[in-house]
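Reading the structure
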Amino acid sequence: MHAYSESESKNPQDYNFGFLLWEVDDHFLYITLNRPEKKNAMPPQMMNEIAMLLNHAHFNGDIWGVVIQSRGDVFSAGADLKAFAGLPVEDKGSTIPEPQSPVKLGDAFQQLYKPCIAIVEGNVYAGAFLILAGCSHVLCLENVELSLPEAKRGIWPMQVMASLAPIIPKRTLLDWCMRAEVISAQEAERWGLITYVLAPEDLESVKEKLIDQIKQVSPSAVRKGLAAYGKMQDINSSEQHEYLHDQLQKLLATEDAKEGLAAFREKRKPQWRGK
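**Things to note about the overall build of the protein chain**
- Secondary structure summary: the protein chain contains 12 helices and 10 strands in total.
- The C-alpha atoms of the protein chain give a radius of gyration of 19 Å, which matches the 19 Å a tight globule of 275 residues would have.
- Overall size of the protein chain, expressed as C-alpha extent along the three principal axes, is 60 × 45 × 45 Å.
- Evaluated residue by residue, the protein chain yields a buried proportion of 45% over its 275 residues.
- Considering only intrachain contacts with a sequence separation of at least 6, the fraction spanning at least 24 residues in the protein chain is 71%.
- For the protein chain, the computed accessible surface area is about 14,400 Å², with 51% contributed by carbon and sulfur atoms.

Given below as structure tokens:
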């Protein structure tokens, strides 16, 4: 279940976002974490804003992908522990309504079913890995450091563990949680958590190339493929091929599939509609 309904997230321009900047440009939704003075630590209101924009991208067929980035020298310090302890958070004028159910960022990203690219230019801590693990691609500067420091504070990265478990080997993940060590971007790339480690001068060109490549393929095929992959995890292995065969038949009936096959026969570039 999505934290926000389709009607609530249909027109985000009707609300004031106090903790994020956002815009839609050429089929991509760009989200910027905008609390640099607090190292982009995320209070509940900020998580609500992220969830609403992800829901907007999910329900909007004209949005083919998402880019999430941040302002400041820290990508995100994770959840704002003071806020979750009941201490007041500065009033930034956010008018986002209360969600239908408590926001779980891991679920919000898992239910997006569209390409999502994280641009990581600052260090990453704790609950911020819900964002990185939820993205299909992570582009990271070479000097970034990453850490799960929760055990040093007497807690444990519970939800983060669930999001990282499909990406990082079991022993590696549990060791990282237990010892709370700081790792390099290069190490995170070896674990599969980061897609590309980049020098600052290469980041923009690699990002634009990746976005352009995603725009060249069928948005409906990608959306339905990601949804099938997510749902496949809950299906008995003996039934997965039958389920995926059924999904393929449904995909072949879409406008994009018909256009893609016609363009192949006619040796021309397809004109995607995302339907």
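**What to know about the pairing of strand E1 (residues 20-25)**
- Examined bridge by bridge, E1 and strand E2 (residues 28-33) share six bridges and lie antiparallel to one another. Following the sheet pairing, leucine 21 is matched in E2 by threonine 32.
- Taking the residues that link successive antiparallel strands as the turn, the E1-E2 hairpin has two residues, and the phi of aspartate 26 there is positive, at about 50°.

**Remarks on helix H7 (residues 170-179)**
- When H7 is considered as a whole, its buried residues turn out to be Leu173, Trp176 and Cys177. One side of H7 carries all its buried residues, which in axial view fall inside an arc of 95°. Of the exposed residues in H7, the ones pointing more than 90 degrees away from its buried face are Arg171 and Met178.
- Where the residues of H7 are buried, they touch helix H5 (129-134), strand E8 (145-147), helix H6 (158-164), strand E9 (182-184) and helix H8 (185-191).
- Directly after H7, the chain includes alanine 180, whose backbone phi takes a positive value near 55°.

**What to know about the pattern of salt bridges**
- Throughout the structure, instances matching the rule amount to 13 salt bridges.
- As a salt-bridge pair, lysine 250 and aspartate 246 come within 3.4 Å of each other at their nearest N and O atoms. Of this pair, lysine 250 and aspartate 246 both sit in helix H11 (residues 240-252), four residues apart, which is roughly one turn of the helix.
- Taking relative accessible area as the criterion, aspartate 246 reaches 36% and is therefore assigned partly exposed.
- Among the charged side chains, a network of salt bridges with common partners joins Arg35, Asp80 and Glu90.

**Observations concerning the side chain of serine 163**
- Mapping serine 163 onto the fold places it in helix H6.
- If we ignore the near neighbours within four places in the chain, the residues touching serine 163 are Gly106, Leu130 and Ala133.

**Brief notes about the sheet that holds strand E6 (residues 123-125)**
- An order of E4-E6-E8-E9 is seen for the four strands of this open sheet, with the pairing classed as mixed. The open sheet has two edge strands, strand E4 (74-76) and E9, and neither has a second partner. Sheet twist, expressed as the mean angle between neighbouring strand axes with direction ignored, is 25°.
- In this sheet, E6 lies alongside E4 in parallel orientation, the contact comprising two bridges. Following the sheet pairing, valine 74 is matched in E6 by asparagine 123.

Calculation criteria
Residues numbered from 1 in each chain as written. Predicted model: local features only at pLDDT ≥ 70, side-chain atom pairs only at ≥ 80, totals over all residues. Heavy atoms only, no water. Helix = DSSP H or I, 4+ residues; strand = E, 2+ residues; numbered from the N terminus. Rg over C-alpha atoms; globule rule 2.2 N^0.38 Å. Buried < 20%, exposed > 50% of the residue type's maximum accessible area, 1.4 Å probe, protein only. Contact = heavy atoms within 4.5 Å. Areas by Shrake-Rupley, 256 points an atom, 1.4 Å probe, with all protein chains shown as cover. Pairing = 2+ DSSP bridges. Arc of directions from axis to C-beta. Salt bridge = Lys/Arg side-chain N within 4 Å of Asp/Glu carboxyl O. Axes fitted to C-alpha atoms, helices over the stretch in contact; angles between N-to-C directions.

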